Amino acid sequence: MKGIVEQASRQPLAAQGEDYADPSFSAEVIAWQKQHGRHKLPWQNTRDAYRVWLSEIMLQQTQVAAVIPYYQRFLERCPDVFALAAAPSEDVMALWSGLGYYTRARNLHKCAQRVVAEHGGRFPEDPELLADLPGIGRSTAAAIAAFSYGRRAAILDGNVKRVFARVFGVDGYPGAKPVEDKLWQRAVALLPEQDIESYTQGLMDLGATLCVRGKPACERCPLAARCVALAEDRVAELPVSKPKKAVPERETVMLVITHGADVLLEQRPDSGIWGGLLSLPEIAVGDAAQFDAALRTLVAPYGELEGCRKLQPFSHVFTHFKLHVAPFQVALTSRTQRIAEQGLVWYPARKLADAPLPAPVKKLLLGALRSDDLLAAV
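These lines cover the structure that appears in this document, whether it is placed above or below.

What counts and what doesn't
Residues numbered from 1 in each chain as written. Predicted model: local features only at pLDDT ≥ 70, side-chain atom pairs only at ≥ 80, totals over all residues. Heavy atoms only, no water. Helix = DSSP H or I, 4+ residues; strand = E, 2+ residues; numbered from the N terminus. Buried < 20%, exposed > 50% of the residue type's maximum accessible area, 1.4 Å probe, protein only. Contact = heavy atoms within 4.5 Å. Lys, Arg positive; Asp, Glu negative; His and termini not counted. Charge placed at Lys NZ, Arg CZ, Asp CG, Glu CD. Core = buried A, V, L, I, M, F, W, Y, C linked by side-chain atoms within 4.5 Å. Phe/Tyr/Trp six-rings, centres within 6.5 Å; stacked < 30°, edge-to-face > 60°. Salt bridge = Lys/Arg side-chain N within 4 Å of Asp/Glu carboxyl O. Pairing = 2+ DSSP bridges. Axes fitted to C-alpha atoms, helices over the stretch in contact; angles between N-to-C directions. Left-handed = near helix turned anticlockwise from the far one by under 90°. Nonpolar A, V, L, I, M, F, W, Y, C, P; charged D, E, K, R; others polar. Disulfide = S-S within 2.5 Å. Arc of directions from axis to C-beta. Expected span 1.5 Å × (residues − 1).

## Considerations on the overall build of the protein
Step number 1: In terms of helices and strands, the protein carries 16 helices and eight strands.
Step number 2: Overall, the C-alpha framework of the protein stretches about 75 × 45 × 35 Å when taken along its three principal axes.
Step number 3: Across the 378 residues of the protein, 46% fall into the buried class.
Step number 4: Considering only residue pairs separated by 6 or more positions, the protein has 69% of its internal contacts joining residues 24 or more positions apart.
Step number 5: Distance between charge centroids for the protein: 2 Å, based on 44 positive and 42 negative side chains.

Okay, here's the thing in structure tokens:
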């Protein structure tokens, strides 16, 4: 197999694609999908591009079971692209809160607004035009075009990369550009002339239900007879894992500042972690004396400090680093009527369950405030 790939790398793109063509591959995937694939997911059995697009964005790096309730809530609040485009950004972030990778939510909102402004509320059929919209890459554009309009376009998400790497014995980390380029060539060459919807869904289903990372069900796979990884006992090795790097670690102090039944929250900037969400005020980690001075300086504009207690520390892993959080609950005996800094707001504790908060921050708040009976009515 290695020799074939090396030889292909010296050929023009079109010739490489011809080498990978194999109609029997797509036929096996289509036949399996029609009989054994998934057919009852909430976003299936529709040509509504809005619903297809919404599901595809949510399914990026997220499991189906986690997506379903968010998908249903989004449709209840924003049943079409016009409603989503017109929704306040804080409502969109609140609906997305807990699903993670919040850049997706910001791009979702921007994309809806562009579809309305530039395309009259109708998602383009052309995958290249779709890929030009915020948050829609090449693979997602192809999926939307295939499921909504029956367009013949190739997908290559993480699940499909895993299927291809195992079935065709592809060495190298699939996220590396030279390897990914060859996988794209194969994906295009293997496209069937008909039944593009079943083929596209079939690839997704194989990667999600049979050809999974940990314990693949090779005995039930329709591609087992042609699988190089299975024949060479390399299923556990392929696809090749991403080269490991040391994960940077950061520390911060978060403050749960309360007065009565309200908590002080801070609007995070659009860029960076938890962009666009509400969160808690933070101060830099220091020694006891520095912490006390920083705490009093931060709290002074909002009221008079009554007391402070340490809460249970926690850690949260992001894509590129690990954050260690030392939370403290700070009570005020009184508070000023003004917010000294833009982006800060007193938020009713009883509404926190539906607030646009990062999942770990919401968990911290609900736990801390429930213990003080501030959330007794929630």
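Still more to cover.
## So, the nonpolar core
The nonpolar side chains of a soluble globular protein tend to be buried with one another.
Step number 1: Membership of the largest hydrophobic core comes to 98 residues, with the highest contact counts inside it found for Phe25, Trp53, Phe123, Phe164, Tyr199, Leu352 and Leu365.
Step number 2: Sort the elements by how many residues they give to this core and helix α10 (residues 138-149) lands first, with eight residues.
Step number 3: Ignoring any residue separated from it by four or fewer positions in sequence, one finds Tyr199 in contact with Phe25, Ser26, Val29, Ile30, Phe164, Leu190, Leu191 and Pro192.
Step number 4: With 15 residues, the next largest nonpolar core counts Leu255, Phe291, Leu298 and Leu332 among its residues.

## Looking at the packing of aromatic side chains
Step number 1: Throughout the structure, instances matching the rule amount to eleven aromatic pairs.
Step number 2: Judged by centre distance (6.0 Å) and plane angle (65°), the rings of Phe25 and Phe164 are edge-to-face. Placement of the pair is Phe25 in helix α3 (residues 23-36) and Phe164 in helix α11 (residues 158-167), with a sequence separation of 139 residues. For the pair shown, Phe25 and Phe164 are each scored as buried.

## Some details on the pattern of salt bridges
Step number 1: What the rule picks out here adds up to 19 salt bridges.
Step number 2: A network of salt bridges, in which partner residues are shared, links Asp171, Glu232, Arg234 and Glu237.

## Describing the pairing of strand β6 (residues 314-317)
Step number 1: One ladder, built from four bridges, connects β6 with strand β7 (residues 322-335); its direction is antiparallel. Each bridged residue has a counterpart across the sheet, and for Val317 the counterpart in β7 is Lys322.
Step number 2: The antiparallel hairpin formed by β6 and β7 contains four residues in its connecting segment.

## Things to note about the side chain of Lys161
Step number 1: Tracing the chain through its elements places Lys161 in helix α11.
Step number 2: In this view, Lys161 contacts Leu156, Pro174, Glu180 and Leu183; residues no more than four positions away in its chain are not counted.

## Describing the packing of helix α4 (residues 49-58) against α10
Step number 1: Look at α4 against α10: their axes get within 9 Å of each other, and the N-to-C directions meet at 145°. Pair α4 / α10 crosses with right-handed handedness. Along the contact surface, α4 presents Ala49, Val52, Trp53, Glu56 and Ile57, while α10 presents Thr140, Ala143, Ile144, Phe147, Ser148 and Tyr149.
Step number 2: Residues of the contact of α4 with α10, tallied by class, amount to eight nonpolar, two polar and one charged.

## A look at the state of the cysteines
Step number 1: If you walk through the whole model with that rule in mind, you get zero disulfides.
Step number 2: Cys78 takes part in no disulfide bond, and the closest cysteine sulfur to it belongs to Cys111, at a distance of 13 Å.
Step number 3: By relative accessible area, which is 1% here, Cys78 ends up buried.
Step number 4: For the unlinked cysteine Cys227, the closest cysteine sulfur is that of Cys218, found at 6.2 Å.

## Quick look at helix α7 (residues 89-96)
Step number 1: The complete set of buried residues in α7 reads Val92, Met93, Leu95 and Trp96. Summarising the axial view, the buried residues of α7 lie within an arc of 160°, below the 170-degree limit, and thus occupy one face.
Step number 2: Two residues or fewer past α7, Gly98 is found with a positive phi of approximately 100°.

## Details of α10
Step number 1: The terminal C-alpha atoms of α10 lie 16 Å apart, and with twelve residues this matches the ideal 16 Å at 1.5 Å per residue to within 8%.
Step number 2: Taken together, the buried positions of α10 are Ser139, Thr140, Ala141, Ala142, Ala143, Ile144, Ala145, Ala146, Phe147, Ser148 and Tyr149.
Step number 3: The inward-facing, buried residues of α10 abut α4, α9 (127-131), α12 (177-189) and α13 (196-210).
Step number 4: Just downstream of α10, Gly150 is the residue with a positive phi angle, here 70°.

## Considering unusual backbone geometry
Step number 1: Omega for the peptide link from Leu238 to Pro239 comes to -5°, which places this bond in the cis form.
Step number 2: Here Pro239 lies in the loop between α14 (228-231) and β1 (249-259).
Step number 3: One non-glycine residue, Gln61, adopts positive backbone phi at about 65°.
Step number 4: Located in the positive-phi region is Asp195, a residue other than glycine, with phi close to 60°.
Step number 5: Residue placement: Asp195 occurs in the loop between α12 and α13.

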